[in-house]
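Chain residues, written in single-letter form:
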Amino acid sequence: MGPGDLAKALCGLPLKSYPEVLVGLDKADDAGVYQLTPEIALVQTIDVITPIVDDPFAFGQVAAANSLSDVYAMGGRPVTAMSFVGFPSGKMEIEILRLILEGAISKLDEAGCALVGGHSVKDDEIKFGLSVTGVIDPKNVLTKGGERPGDKLILTKPLGTGILNTALKGGQLNETETDAVISQMASLNKSAAEVMTALGAHASTDITGFGLVGHAAEMVTLGEVCFRLNWNKIPLMEGAERWAKAGLIPGGAYSNREYREDLLDIEMDLKEWMLDILFDPQTSGGLLIAAPGSVADEMLRRIRAAGCQTAAIIGEVVAEPKGRIIITE
């Protein structure tokens, strides 16, 4: 669902307050956090997607990486997962479902996260995802609103998966380009999360369906700060600019833009295709990390060394104007 419709659905729900709930629905964060003991809290999330690639094993990998990402964004360590499957049983070979599950398990194994159960329903369209539980020290929870003026903003994966997947569905990508976008979506945010927690990041979120600006908007709103984003420093996937200029824009980008464009202050000649990329809905995107200015360069160096070679510092956090996102060159 688009961010506008989702906000309307959640507005005014009669939610009871529980002292053990450290992060709940009262604030738009990546996962819920429930404290068990002074040293241990649970991080809980769920994410379900429809197929974006034809290969069922690869789809399982992407769906699992996407589901695990919210736990990493909070600074947690995923420990268990339960699967949700919607599958047209009787109309499609069951081997396809088995391959989806095998792909997901391969990523859970990489994360050190155990698959402990799940639920399945008959559905005309394949749907797959995971409910993931992680653990974290309650004192070290990273939320979207913890950033501070002077922080640098690190993006760990390039933008463009929504646009490239649109081109893929249209049969426009060659085998090399297809492999590249699948590889990025299937890569875990595990190593980047480990670096950011070790070096004391102030805040984090993962860039998924609401796009870079949509998720950045949640951060500046909750943190009551301003982000200055440098367009020329934002990493883009190979082909993202070309296909954006060609108009292969997913529908979600337009709903994202309609909901959040009013938070933008633009201080450059920003073309229409650039705006499309900024609002492009990502699948299993990277982390957007608010790093203390004193450690940002070292954090970036370690994140790149851990395998996120295109990670970049794309902007900074400033105090004013609160709740705004400024786009500069």
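Let me begin by describing the structure that accompanies this report.

Reading the values: rules and limits
- Along each chain, numbering runs from 1 in the same order as the chain's sequence is written.
- For this predicted model, a pLDDT threshold of at least 70 governs which residues receive local features, and a threshold of 80 or more governs which side-chain atom pairs are given and counted, while totals over whole chains, interfaces and linings are taken from all residues.
- The side-chain figures draw on all heavy atoms in the structure; neither hydrogens nor water molecules are used.
- Strand pairing is assigned whenever DSSP detects at least two bridges linking the two strands.
- Helical segments are the DSSP runs of H or I of at least four residues, strand segments are the runs of E of at least two, and each set is numbered from the N terminus.
- Where helices are involved, their axes are fitted lines through C-alpha atoms of the stretch in contact, as for all axes, and angles between N-to-C directions lie from 0 to 180°.
- Each angle gets one of four labels, with under 35 degrees taken as roughly parallel, over 145 as roughly antiparallel, 65 to 115 as roughly perpendicular, and the rest as oblique.
- The contact criterion used is simple: two residues touch if any of their non-hydrogen atoms lie within 4.5 Å.
- In this analysis, the protein atoms alone were mapped onto a 1 Å grid. Cavities are point sets where a 1.4 Å probe fits without being able to get out; pockets are open sets with protein on both sides within 12 Å along at least five of seven lines; lining residues have an atom within 4 Å of a point.
- Grid points are joined across faces, edges and corners, and a volume is the space filled by probe spheres set on the points.
- Three categories are distinguished: nonpolar for Ala, Val, Leu, Ile, Met, Phe, Trp, Tyr, Cys and Pro, charged for Asp, Glu, Lys and Arg, and polar for the others, with Gly belonging to the last.

## Quick word on the sheet that holds strand β13 (residues 325-328)
Part 1 of the reasoning: The sheet built from seven strands is open, its strands ordered β8-β11-β7-β12-β9-β13-β10 with mixed pairing. Of all strands in the sheet, those bounded by a partner on one side alone are β8 (203-206) and β10 (264-266). With direction set aside, neighbouring strand axes in the sheet form an average angle of 25°.
Part 2 of the reasoning: As paired elements, strand β9 (residues 226-230) and β13 share four bridges and run parallel to each other. Considered in β13, the bridge of L229 is made with I327.

## Focus: the packing of helix α2 (residues 56-73) against helix α5 (residues 175-186)
Part 1 of the reasoning: At a minimum axis distance of 8 Å, the contact between α2 and α5 shows a crossing angle of 40°. Viewed along their axes, α2 and α5 adopt a mutual orientation that is oblique. Along the contact surface, α2 presents A58, Q61, V62 and A65, while α5 presents I182, M185 and A186.

## Observations regarding the layout of surface pockets
Part 1 of the reasoning: Its boundaries defined by the atoms lining it, the second largest pocket holds a volume of some 420 Å³.
Part 2 of the reasoning: Lining the second largest pocket are 15 residues, with V23, G24, L25, D26 and K27 positioned closest to its centre.
Part 3 of the reasoning: Looking at which element gives the most residues to the lining of the second largest pocket, the answer is strand β1 (residues 21-23), with three residues.
Part 4 of the reasoning: For the lining of the second largest pocket, the class distribution of residues is seven nonpolar, four polar and four charged.

These results come straight from atomic positions and should not be treated as a statement about function.
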